[in-house]
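Working through the structure, step by step
What follows is the residue order along each chain.
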Amino acid sequence: MSRKKQRVLLGMSGGVDSSVAGYLLREQGYDVIGVTMKVWPQDCISRAEDKCCGPQAIADARGVAHSLGIPHYVVDEADQFERLVIDYFSSEYQAGRTPNPCVMCNEKLKFGNLWSKAAALGCDYIATGHYAIIEHSVVPQSRDDPGGADAPIKSGSAGITDPGYNYAVLRKGIDPRKDQSYFLFSLRQPQLRRALTPLGKMTKPQIREIAHSLGLKVADKIDSQEICFVPGNDYKAFLRSHLGENEFHRGEIYDVDGNFVAEHGGIELFTIGQRKGLPGGSLRPRYVVDLDPETNRVIIGDAENLVCDEFEIDRTNWIARDLPSEDVDLTVKIRYSHPGTPASVTPLENNRAHIHLHEPQRAVTPGQAAVIYDRDMVLGGGWICRQEALVPV
């Protein structure tokens, strides 16, 4: 008697990546069910119909599912997306931080809320078109480490071992231009253990070639480089429409020497490293170097004021089973587009860690994720904290 096929719930965005992921999973023998999340709120749909929060994405995903011969469902997650992603996005700007909504969407929705839908459909896994590698293996279980689906990940090595349990390792995708492991750093072991990313060992040209060979209409669909719910990548216009002008935290702009420069219309309208749109004249380029949510002050300075070599992260998530118990030299990415830089990482109490960069880096931005790698393996990461104010109140 043959073993029943394992069933996979595949998140389909209507793009070429998730479409080819469906084909690869089907070829690997999985029973694939396609699902597209409807996440657009009413104030977004009219402006972003061609994005993954618009109806065209659903039409494209449905067409691909039909071509592949797999069922397709639409799941309405608009309310949850508003609460867990858009409200987070807005509140981070109001707190003087720069958010990363893609990380939050992956953790809370794609690999979070969606699991209840997958379980109801009898699925064993959730799959996406991310360019990252998730390796599943059985790790020996020690008598002092019970393991299990929600077991904590400990520092140090195990003792006497008993039969093991499933454990997942997250690695970079092999295509350095497309690697998306950064966006998955906050997933916990229970989420990773039931996740599949079939594109991790492939390149974008290979994906498009497969799509062409299958005659998929999305084969040449352009990749979106924007936040899906922010049309034109104009986050300021989005905040104005979502929050309203009265919710902006107005204040003053000072330079790093404590000199008043001008008033501003909202701390939400500035990000660390910003150069354009700053008032006043200067012989040298000036940048936003700090945002103080306590006083709503925007601090501007020269390029050298943007450089730092140490900071802390909070709300850490450690994917790796064995964590460093003291300073170790690793690689840290301080934003998605950052190539990574050697650093020493010291875990602290209360889910924090201290990062010391071996080479100072520009624009280490509070609210962004700092993701920690051991070569190509993601150990974990956390959210960059704001340091002490550059200008005393």
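A few points about the overall build of the protein
Helix and strand counts for the protein come out as eight helices and 17 strands. Taking all 393 residues of the protein together, 52% fall into the buried category. Pairs at least 24 residues apart make up 68% of the contacts formed inside the protein by residues separated by at least 6 positions. A total of about 18500 Å² of accessible surface is found on the protein, and carbon and sulfur atoms cover 48% of it.

A closer look at the pattern of salt bridges
Tallying each qualifying case throughout the model produces 22 salt bridges. Its salt-bridge partner being E27, residue R26 comes within 3.2 Å of it at the nearest N-O pair. For R26, a relative accessible area of 31% gives the class partly exposed. A salt bridge links R315 to D314, with the nearest nitrogen and oxygen atoms 3.3 Å apart. On the basis of relative accessibility, which here comes to 43%, the residue R315 falls in the partly exposed class. The network of salt bridges with common partners includes D17, K178, K204, R208 and D223.

With respect to the packing of aromatic side chains
We describe a pair of aromatic rings using the distance from one ring centre to the other and the angle between the two ring planes. As enumerated under the stated definition, the model contains 12 aromatic pairs in all. With 5.6 Å between their ring centres and 80° between their planes, F81 and F229 make a pair best called edge-to-face. Of this pair, F81 sits in helix α4 (residues 78–94) while F229 is found in the loop between α7 (204–213) and α8 (235–243), placing the two residues 148 residues apart along the sequence. Summarising the burial analysis for this pair, F81 and F229 share the class buried. Ring centres of Y93 and Y235 lie 4.4 Å apart, and the angle between their planes is 15°; this geometry places the pair in the stacked category. Of the two residues, Y93 is situated in helix α4 and Y235 in helix α8; the sequence distance between them amounts to 142 residues. Per residue, the accessibility class of Y93 equals that of Y235, and both read buried. Against the face of Y254 rests R297, its NZ or CZ located 4.1 Å from the ring centre. R362 extends its terminal NZ or CZ atom over the ring of Y287, reaching a point 4.9 Å from the ring centre.

Some thoughts on the nonpolar core
Formed by 63 residues in total, the largest nonpolar core has its most connected members in L9, F81, F89, F229, F270, V288 and V298. At eight residues, the largest contribution of residues to this core is made by helix α5 (residues 101–120). Beyond its immediate sequence surroundings of up to four residues, V298 is in contact with E252, I253, Y254, H264, I267, F270, V288, D290 and L291. In this structure, A61, Y125, A127 and A211 belong to the second largest nonpolar core, which totals 28 residues.

Description of the environment of R352
Of note, R352 is situated in strand β15 (residues 352–362). A residue is classified by how much of its surface remains accessible, and R352, at 27% relative accessible area, is partly exposed. Distance in space between the C-alpha atoms of R352 and E312 is 6.9 Å, their sequence separation being 40 residues. Residues within four places of R352 in sequence aside, it is in contact with E312, I313, D314, T316, P347 and C385.

With respect to the pairing of β15
By the bridge criterion, six bridges tie strand β12 (residues 307–318) to β15 in an arrangement that is antiparallel. Paired with E312 across the two strands is H354, which belongs to β15. Taking the residues that link successive antiparallel strands as the turn, the strand β14 (residues 341–348)-β15 hairpin has three residues, and the phi of N350 there is positive, at about 60°.

Topic: unusual backbone geometry
Its identity is not glycine, yet N350 carries a phi of approximately 60°, on the positive side. Assignment of secondary structure puts N350 in the loop between β14 and β15. Phi is positive for N351, which is not a glycine, with a value near 55°. Locating N351 in the fold gives a position in the loop between β14 and β15.

Each value, and the rule that gives it
- Residues numbered from 1 in each chain as written.
- Predicted model: local features only at pLDDT ≥ 70, side-chain atom pairs only at ≥ 80, totals over all residues.
- Heavy atoms only, no water.
- Helix = DSSP H or I, 4+ residues; strand = E, 2+ residues; numbered from the N terminus.
- Buried < 20%, exposed > 50% of the residue type's maximum accessible area, 1.4 Å probe, protein only.
- Contact = heavy atoms within 4.5 Å.
- Areas by Shrake-Rupley, 256 points an atom, 1.4 Å probe, with all protein chains shown as cover.
- Salt bridge = Lys/Arg side-chain N within 4 Å of Asp/Glu carboxyl O.
- Phe/Tyr/Trp six-rings, centres within 6.5 Å; stacked < 30°, edge-to-face > 60°.
- Lys NZ or Arg CZ within 6 Å of the ring centre and 35° of its normal.
- Core = buried A, V, L, I, M, F, W, Y, C linked by side-chain atoms within 4.5 Å.
- Pairing = 2+ DSSP bridges.

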